Amino acid sequence: MKIKSFFTAILLVLCAAVCFSVNAQSAPPTDESNLDTQLYLIVGTNQEVDDTKLPASLDPVVKQLRATLPFKNYRLAATLINRVKNEGRLDLSWIGGPFASPTGVASNVTPSFSQFKVRQVKIVRDTDNQPVVQMLGFNFGARVPIQTATGTVAANGTVVPSVAYENTGVSTDISLRESEPVIVGTLNIGPSGDAIILIVSAKRTQK
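*Asks:* What is the right way to read helix α2 (residues 59–68) from this model?
*Replies:* Side chains that are three or four residues apart share a direction in an α-helix, a result of its 3.6 residues per turn. Restricting attention to buried positions, one finds in α2 the residues V61, V62 and L65. One face of α2 carries all of its buried residues, which in axial projection span an arc of 100°. Seen from the open side of α2, the exposed residues pointing more than 90 degrees away from its buried face are P60, K63 and A67.

*Asks:* How should the sheet that holds strand β7 (residues 182–188) be read in this particular structure?
*Replies:* The strands that make up a sheet are held in pairs by hydrogen bonds between backbone atoms, and each pair lies either parallel or antiparallel. If you trace the four strands from one edge of the open sheet to the other, you get β2-β1-β8-β7, paired in antiparallel fashion. Since the sheet does not close on itself, it has two edges, and those belong to β2 (73–85) and β7, each with one partner. Put simply, the sheet's adjacent strands are angled 20° from each other on average, direction ignored.

*Asks:* What exactly am I supposed to notice about the nonpolar core here?
*Replies:* When a protein is soluble and globular, its nonpolar side chains tend to lie buried together. Formed by 29 residues in total, the largest nonpolar core has its most connected members in L39, F116, M135, F138, F140 and L198. Going through the elements one at a time, β1 (34–45), β2, β3 (88–95), β4 (113–125), β5 (131–153), β6 (159–176), β7 and β8 (195–204) are the ones with two or more residues in this core. Setting aside residues up to four positions removed in sequence, F116 forms contacts with L39, N82, L90, D91, L92, W94, F138, N139 and F140. Grouped together as the second largest cluster of nonpolar side chains are twelve residues, Y40, I42, V61 and F71 included.

*Asks:* Looking at this structure, I do not really get the pattern of salt bridges. What am I missing?
*Replies:* Between side chains of opposite charge, a pair can form when the charged atoms approach closely. Evaluated as defined, the whole model comprises four salt bridges. With a shortest N-O distance of 2.9 Å, K85 and E32 are connected by a salt bridge. Of this pair, K85 sits in strand β2 while E32 sits in the loop between α1 (2–26) and β1, and the two are 53 residues apart along the sequence. A salt bridge links R204 to E178, with the nearest nitrogen and oxygen atoms 2.6 Å apart. Of the two residues, R204 is situated in strand β8 and E178 in the loop between β6 and β7; the sequence distance between them amounts to 26 residues.

*Asks:* Whenever I open this one, the confidence of the model for the protein confuses me. Can you help?
*Replies:* A residue-level look at the protein finds 74% of positions with pLDDT of 70 or above and a mean pLDDT of 79. In the model, residues 9–28 has pLDDT below 50 throughout and makes zero contacts with residues more than four positions away in sequence or in other chains. Low pLDDT (under 50) marks residues 100–104, which in the prediction has twelve contacts with non-local residues, meaning those over four places away or in another chain.

*Asks:* When you look at the pairing of β1 in this model, what are you seeing that I'm missing?
*Replies:* For a regular strand, side chains alternate in direction, first toward one face of the sheet and then toward the other. Taken across its twelve residues, β1 has eleven buried, putting it largely inside the fold. Direction of pairing for β1 relative to β2: antiparallel, over a ladder of twelve bridges. For T37, the partnering residue across the bridge sits in β2 and is N82. Bridge analysis of β1 against β8 gives ten bridges, and the strand direction is antiparallel. Across the sheet, G44 pairs through a bridge with A195, a residue of β8.

*Asks:* What exactly am I supposed to notice about the environment of R143 here?
*Replies:* Positionally, R143 belongs in strand β5. According to the relative accessible area criterion, R143 is partly exposed, its value standing at 38%. Along the chain, R143 and I189 lie 46 residues apart, while their C-alpha atoms are 9.7 Å from each other. Those residues in contact with R143 that lie beyond four places of it in its chain are S112, F113, Y165, E166 and N167.

Quick notes on the rules
- Residues numbered from 1 in each chain as written.
- Predicted model: local features only at pLDDT ≥ 70, side-chain atom pairs only at ≥ 80, totals over all residues.
- Heavy atoms only, no water.
- Buried < 20%, exposed > 50% of the residue type's maximum accessible area, 1.4 Å probe, protein only.
- Helix = DSSP H or I, 4+ residues; strand = E, 2+ residues; numbered from the N terminus.
- Arc of directions from axis to C-beta.
- Pairing = 2+ DSSP bridges.
- Axes fitted to C-alpha atoms, helices over the stretch in contact; angles between N-to-C directions.
- Core = buried A, V, L, I, M, F, W, Y, C linked by side-chain atoms within 4.5 Å.
- Contact = heavy atoms within 4.5 Å.
- Salt bridge = Lys/Arg side-chain N within 4 Å of Asp/Glu carboxyl O.
- pLDDT = per-residue confidence, 0-100.

So this is what it looks like as structure tokens:
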């Protein structure tokens, strides 16, 4: 009985080793690509703006915006470019802009606070076996100062506005084709009805 148990144990060990070897050989290679991501913050407004020129790469998206959103003008408020490893994450926070517009009172005294996060950026295959970039846990949020009263006069004679901070943001999971910008969402940023439009794109780097 002891000899039979010994050979049974040996067979189990050999089977486990063979299974492990097959799984290791069949596992797909890890894609070590880096991706460059671009987050564009576009302000949609009915007020006159000094510069309405937008990047040529956004022409298809802007055409879509003009057909669906009732804004007279669009301006580029900010472009955020970041590099991330395939299956990596992004986490970016900053103070100030792009909310220094007629809708708010963002300034050095009352800045806005923004954060852009993606839990995971990864390259996957769609149903047609084409590569797409998947952004899981995409999150953009901001605390925007909104003037609530005329303000008070400081000792030096300047008027300090009374403001309250309002939270705005969007969270979602998205997939997009490489180098094709897509609209993630729109955020109302003030009583005049202006909005921030979030546009994102991503592509693999050559290095």
